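Given next are the chains, with one letter for each unit.
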There are 2 protein chains.
Amino acid sequence: MTRAFNFCAGPAALPTAVLERAQQEMADWQGKGLSIMEMSHRSKEFVSVAEKAEQDLRDLMQIPDNYKVLFMQGGASSQFSMIPMNLLRGKGKADYICTGQWSKKAIAEAKRYCDVNIAATTEANNFTSAPSQDELTLSADAAYVHYCPNETIGGVKFDYIPDTGDVPLVADYSSAILSEDIDVSRFGMIYAGAQKNIGPAGLCVVIIREDLLADADAMLAGTPTMFSYKVAADNGSMYNTPPTYSWYLSGLVFEWLKQQGGVAAIADINRRKAQKLYDFIDGSDFYANPVAKHNRSIMNVPFTLKDAALDKTFLAESEAAGLLNLAGHRSVGGMRASIYNAVPEAGVDALIQFMAEFAAKSS
Amino acid sequence: MTRAFNFCAGPAALPTAVLERAQQEMADWQGKGLSIMEMSHRSKEFVSVAEKAEQDLRDLMQIPDNYKVLFMQGGASSQFSMIPMNLLRGKGKADYICTGQWSKKAIAEAKRYCDVNIAATTEANNFTSAPSQDELTLSADAAYVHYCPNETIGGVKFDYIPDTGDVPLVADYSSAILSEDIDVSRFGMIYAGAQKNIGPAGLCVVIIREDLLADADAMLAGTPTMFSYKVAADNGSMYNTPPTYSWYLSGLVFEWLKQQGGVAAIADINRRKAQKLYDFIDGSDFYANPVAKHNRSIMNVPFTLKDAALDKTFLAESEAAGLLNLAGHRSVGGMRASIYNAVPEAGVDALIQFMAEFAAKSS
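Residues numbered from 1 in each chain as written. Chains lettered and ligands numbered in written order. Predicted model: local features only at pLDDT ≥ 70, side-chain atom pairs only at ≥ 80, totals over all residues. Heavy atoms only, no water.

Asks: Help me understand the sheet that holds strand β9 (residues 189-193) of chain B in this model?
Replies: Adjacent strands of a sheet pair through backbone hydrogen bonds, lying either parallel or antiparallel. Residues and elements named next belong to chain B. Taken together, seven strands build an open sheet; the order of strands is β2-β10-β9-β8-β5-β3-β4 and the sheet is mixed. Sheet topology places β2 (67-72) and β4 (115-121) at the edges, where each strand pairs with a single neighbour. On average, each strand axis in the sheet is tilted by 20° relative to the strand beside it, whichever way the strands run. Here strand β8 (residues 169-172) pairs with β9 via three bridges, running parallel. Bridge pairing links Ala171 to Ile190 in β9. Against the sheet, helix α2 (residues 44-61) engages β2 and β10 (204-209), with an angle of about 130° to β2. (Pairing = 2+ DSSP bridges. Helix = DSSP H or I, 4+ residues; strand = E, 2+ residues; numbered from the N terminus. Axes fitted to C-alpha atoms, helices over the stretch in contact; angles between N-to-C directions. Contact = heavy atoms within 4.5 Å.)

Asks: Help me understand the relation of the copies chain A and chain B, please; the structure alone is not making it clear to me.
Replies: One chain copy maps onto the other through a rotation about an axis and a shift parallel to that axis. Note on the copies: chain A fits chain B at an RMSD of 0.0 Å, the axial shift is 0.0 Å, and the rotation between them is 180°. Seen this way, the second copy is the image of the first under a two-fold rotation axis. For chain A, the smallest separation between a C-alpha atom and the rotation axis is recorded for A:Gln23, amounting to 2.6 Å. (Least-squares fit on C-alpha atoms with pLDDT ≥ 70 in both.)

Asks: How should the domain arrangement of chain A be read in this particular structure?
Replies: It is common to give the size of an interface as the accessible area that goes away when the parts come together. All names here are of chain A. Along its sequence, chain A is organised into domain 1 (17-259) and domain 2 (262-362). One C-alpha centre belongs to domain 1, the other to domain 2, and the line joining them spans 27 Å. Counting residues at the interface gives 26 residues for domain 1 and 26 residues for domain 2. Where domain 1 meets domain 2, there are one salt bridge. (Domains from an automatic or database assignment. Salt bridge = Lys/Arg side-chain N within 4 Å of Asp/Glu carboxyl O.)

Asks: Can you walk me through the UniProt feature "modified residue: N6-(pyridoxal phosphate)lysine" (unreviewed entry) in chain A in this structure?
Replies: Residue and element names in this part refer to chain A. The UniProt record annotates "modified residue: N6-(pyridoxal phosphate)lysine" (unreviewed entry) at Lys196. Along the chain, Lys196 falls in the loop between β9 (189-193) and β10 (204-209). Owing to a relative accessible area of 12%, Lys196 belongs among the buried residues under this scheme. With residues up to four places along the chain from it excluded, the contact list for Lys196 reads Ala9, Gly10, Ala12, Ala13, Thr152, Ser174, Ser175 and Tyr340. Within the structure, Lys196 has its side chain in polar contact with the backbone oxygen of Ala9 (distance 2.9 Å). (UniProt positions renumbered as here; feature names shortened; annotations may be inferred. Buried < 20%, exposed > 50% of the residue type's maximum accessible area, 1.4 Å probe, protein only. Polar contact = N/O pair within 3.5 Å; in protein donor to acceptor, adjacent residues only side chain to side chain.)

Asks: So what exactly am I meant to see when it comes to the interface of chain A and chain B here?
Replies: In this assembly, 62 residues from chain A lie in contact with 62 residues from chain B. Of the roughly 4700 Å² buried between chain A and chain B on both sides combined, carbon and sulfur atoms contribute 55%. Area buried by chain A at its contact with chain B is led by A:Pro11, A:Met37 and A:Glu38, which between them contribute 13% of it. On inspection of chain A and its partner chain B, the count reaches two salt bridges. B:Glu38 serves as the salt-bridge partner of A:Arg3, at 2.7 Å between the closest nitrogen and oxygen. Taken together, the connections running from chain A to chain B amount to 25 residue pairs in polar contact (both at pLDDT 80 or more). Breaking the side of chain A that touches chain B down by element, the ones donating at least two residues are α1 (16-25), α3 (75-87), α4 (101-110) and α6 (244-259) of chain A. The element best represented in the side of chain A that touches chain B is α3(A), accounting for five residues. (Buried area = accessible area lost by both parts, 1.4 Å probe.)

Asks: Would you explain the side chain of B:Asn150 in this entry?
Replies: Residues and elements named next belong to chain B. Structurally, Asn150 can be placed in strand β6 (residues 150-151). There is a polar contact of 2.7 Å between the side chain of Asn150 and the side chain of Ser297. A distance of 2.8 Å separates the side chain of Asn150 from the side chain of Asn300, its partner in a polar contact. Those residues in contact with Asn150 that lie beyond four places of it in its chain are Val156, Lys157, Ser175, Ala176, Ser297, Met299 and Asn300.

Asks: What exactly am I supposed to notice about the nonpolar core here?
Replies: As a rule of thumb, soluble globular proteins bury nonpolar side chains together. One finds A:Leu178, A:Ile207, A:Tyr245, B:Leu178, B:Ile207 and B:Tyr245 to be the most contacted residues of the largest nonpolar core, which totals 126 residues. The contacts of B:Ile207, once residues within four sequence positions are left out, are B:Met61, B:Ile63, B:Tyr67, B:Lys68, B:Val69, B:Ile177, B:Val184, B:Gly188, B:Met189 and B:Ile190. (Core = buried A, V, L, I, M, F, W, Y, C linked by side-chain atoms within 4.5 Å.)

Asks: So what exactly am I meant to see when it comes to the packing of helix α7 (residues 262-282) of chain B against helix α9 (residues 345-362) of chain B here?
Replies: Packed helix pairs are specified by the crossing angle of their axes together with the interaxial distance, meaning the distance between the axes. All names here are of chain B. Taken N-terminus to C-terminus, the directions of α7 and α9 make an angle of 5°; their axes are 10 Å apart at the nearest point. One element, α7, and the other, α9, form an angle in the roughly parallel class. On α9, the residues touching Ile269, Arg272, Lys273, Lys276, Leu277, Phe280 and Ile281 of α7 are Glu345, Val348, Asp349, Leu351, Ile352, Met355 and Ala356. When grouped by side-chain class, the residues that make up the contact of α7 with α9 number nine nonpolar, no polar and five charged. (Parallel < 35°, antiparallel > 145°, perpendicular 65-115°, else oblique. Nonpolar A, V, L, I, M, F, W, Y, C, P; charged D, E, K, R; others polar.)

Okay, structure coming up:
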């Protein structure tokens, strides 16, 4: 088996060790004679797997006891509706910070449920920075403030956590969760689609402060029962059958991350990987990254070639060299290297070497 | 590796051949150097997997061209809201047939969105039969008629497809899809949580007649975008990242089913498996099944022991004999053998032998 280096933005690379463990256990989990995916979600075996996954995530992120951890379905895109449905709680307005395509999607969906105040937008500079705290126009009567700390497509990262006073802060951490330490206590709610730093697609982790779990009568009329955070929390994320295999695989990733030394240790590696790549890009006159330096993502590194006519050749040759999925998002073009936790430093080294050689022969 | 016989109602047994294939491809799909779950859902590799899965399902079920096949998230429980949200289309009423716990759940959720006319209920006989066509009180002004052709918990099966005239018929086929031939053209919509006869939990297959795909303005106000069948259909079930690995595994199950000779061939085996087990139960004075004979499920076979005090011993000894997950649903107790497509006939034979021996020594 030869494993390529995979820079896909999502569904993204998983640790080879996790896949090998899953492979070994695939048809016979711990000698039980069946796969973990063939077990009832209410079996003691699966419940132990599920509880360990939650506890490991709590340990890794140091999640305070007054937060619930939910394992939900429907991706971050379902959260875009669930958030206003659950968190408006009688108010008619929410603040949204707009820093890219994912912010825009969240905003478009929220507008169907409430007045959205755009607390700041960086669309004027083509989403190549994040606004500073001073630039946020927050509403005193907002039910919550929503933002995306790391925009996967633009590769833009907030270098601070917005101060929203008593208004709950809600963050779409899909592409940056577990990449660096997060002070969870600063947030009302954090959510993340699994398919970047957690596990396979089809699972969405929600971390929510208990006082924000709305009762049925506090939710928007017509909210589907499956969209209620309180119902999910009251049922241990098993109101219906959860995506058990995705939950199991995510648990293996959490275990692997603990073995790497936890979030602080992986964050050191992540920052080193990103720094190398940005340094190389900045030192080149062939490649460019448009993002303000203090807002550069350490997970998603978009870059352009001097001549876009070379993009196709770059992609074909990088793929042939075992460096996969470097095309930028279809909405923006160019290149993007997503260097999540599971992409080893050797992958970044190999990418830089390839980029240097490609530039040399193409210049 | 020793594989046990797994009678779990869901997440349920998968074909051993499918698990072995998935195991082999886990960390390196077809020599590409990465797992299928690490690939973009928009990659040509995954799209080919997704399209083949859909085509195989279309072939297996002979789905007419004017039906869309959707691969969705959130389980059948999310469908309980999606159905009224999408299918009411300006009407205020829907007919529901009530034949068990899953019907009741669908009804409870629908009541949050419209007037529900209970076209028939068998609650009076403790859900041990299905109503006949004559017993259905259908409304002329209903937006649709909903029923559950096979109730997983009670083991009750309709032995006919209700005639609803021009009113679209909607069926929760979660526990019976692909078990026998279904005339899809009789239905407005069929849906099925994957975790019984299709694949792992976290995927829900929806088969819907194209004229029922409601535009945004025909849906109930506030319907989440992720709950729109039309949005899912217009985006090839990729409005957001779908549960790619579950989709892939389901495709492997469809391929396996074709190799078995398709639905007609597996249906013969299914009917034989069920007949054996029911014949044994009926011929015993130790075991009993309460369901009307013409309504007995060929997928889920609930049964009781003469003395419920023996239940615990029965479950412990059957487990020790490699016959797993025979406990009835927590809401009803007793025993239940779910004998889906992936449970081999040898499993049913082994179960009957165990049951005979247990009865002999316990009588």
